[in-house]
Amino acid sequence: MNLSEIKSKEIMPGYHGKLVHGERMSWVFWDVEPNAEVPEHQHDHEQIMHVVEGTFEFTLNGEKGTYTAGDVVVIPSNAPHSGRAVTSCKLMDIFSPVREEYR
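Quick notes on the rules
- Residues numbered from 1 in each chain as written.
- Predicted model: local features only at pLDDT ≥ 70, side-chain atom pairs only at ≥ 80, totals over all residues.
- Heavy atoms only, no water.
- Helix = DSSP H or I, 4+ residues; strand = E, 2+ residues; numbered from the N terminus.
- Rg over C-alpha atoms; globule rule 2.2 N^0.38 Å.
- Buried < 20%, exposed > 50% of the residue type's maximum accessible area, 1.4 Å probe, protein only.
- Contact = heavy atoms within 4.5 Å.
- Areas by Shrake-Rupley, 256 points an atom, 1.4 Å probe, with all protein chains shown as cover.
- Lys, Arg positive; Asp, Glu negative; His and termini not counted.
- Charge placed at Lys NZ, Arg CZ, Asp CG, Glu CD.
- Pairing = 2+ DSSP bridges.
- Axes fitted to C-alpha atoms, helices over the stretch in contact; angles between N-to-C directions.

When helices and strands are counted, the protein shows zero helices and 10 strands. In sequence order, the secondary structure elements of the protein are arranged as β-β-β-β-β-β-β-β-β-β. Relative to the globule expectation of 13 Å for 103 residues, the C-alpha radius of gyration of the protein, 13 Å, shows essentially globular dimensions. Along the first, second and third principal axes, the C-alpha atoms of the protein reach 35 × 25 × 25 Å. Here the protein, with 103 residues, has 37% of them falling under the buried criterion. Sequence separation of 24 or more characterises 62% of the internal contacts of the protein that already satisfy a separation of 6 or more. For the protein, the accessible area works out to roughly 6000 Å², and carbon and sulfur atoms hold 52% of it. Computed over 9 positive and 16 negative side-chain charges, the inter-centroid distance for the protein is 6 Å.

Structure (structure tokens):
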């Protein structure tokens, strides 16, 4: 498959994702609009976030950081986290197990 052939879905306001699902993981390629927010939440899935482009504020377990191109954040299962795009961003997230609600 090729990313150019995958239809983007707006999973939440301002977060447009191209989703790839394997047997045990999901990989999401996000285009994020400036100021789009993800409210604090947590889930059973382990998650790894990679900032490809832009500036993204991210809070994990109450600790806020600002991340830019090349930064990677490992988010443990059930850890409270939230985020906001300071600029337009391109992010990649990997989730394990599969995010069934993103199918």
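From this point, the discussion proceeds with the structure in view.
Here the focus is the sheet that holds strand β5 (residues 46-53). Across the sheet, which stays open at both edges, the six strands sit in the order β1-β2-β3-β10-β5-β8 with antiparallel pairing between neighbours. Both edges of this open sheet fall to β1 (9-12) and β8 (72-75), since each of them pairs with a single strand only. The average angle at which neighbouring strand axes cross in this sheet is 30°, direction not considered. Inspection of the sheet shows strand β3 (residues 26-32) paired to strand β10 (residues 89-96) by seven bridges, in the antiparallel sense. Among the inter-strand pairings, Asp 31 is bridged to a residue of β10, identified as Lys 90.

This part covers the pairing of β1. Pairing analysis gives three bridges linking β1 to strand β2 (residues 15-21), with the strands arranged antiparallel. From the neighbouring strand, Glu 10 faces β2, where its bridge partner is His 16. Where β1 folds back onto β2 in an antiparallel hairpin, the turn is made up of two residues, including Gly 14, whose phi is positive at roughly 85°.

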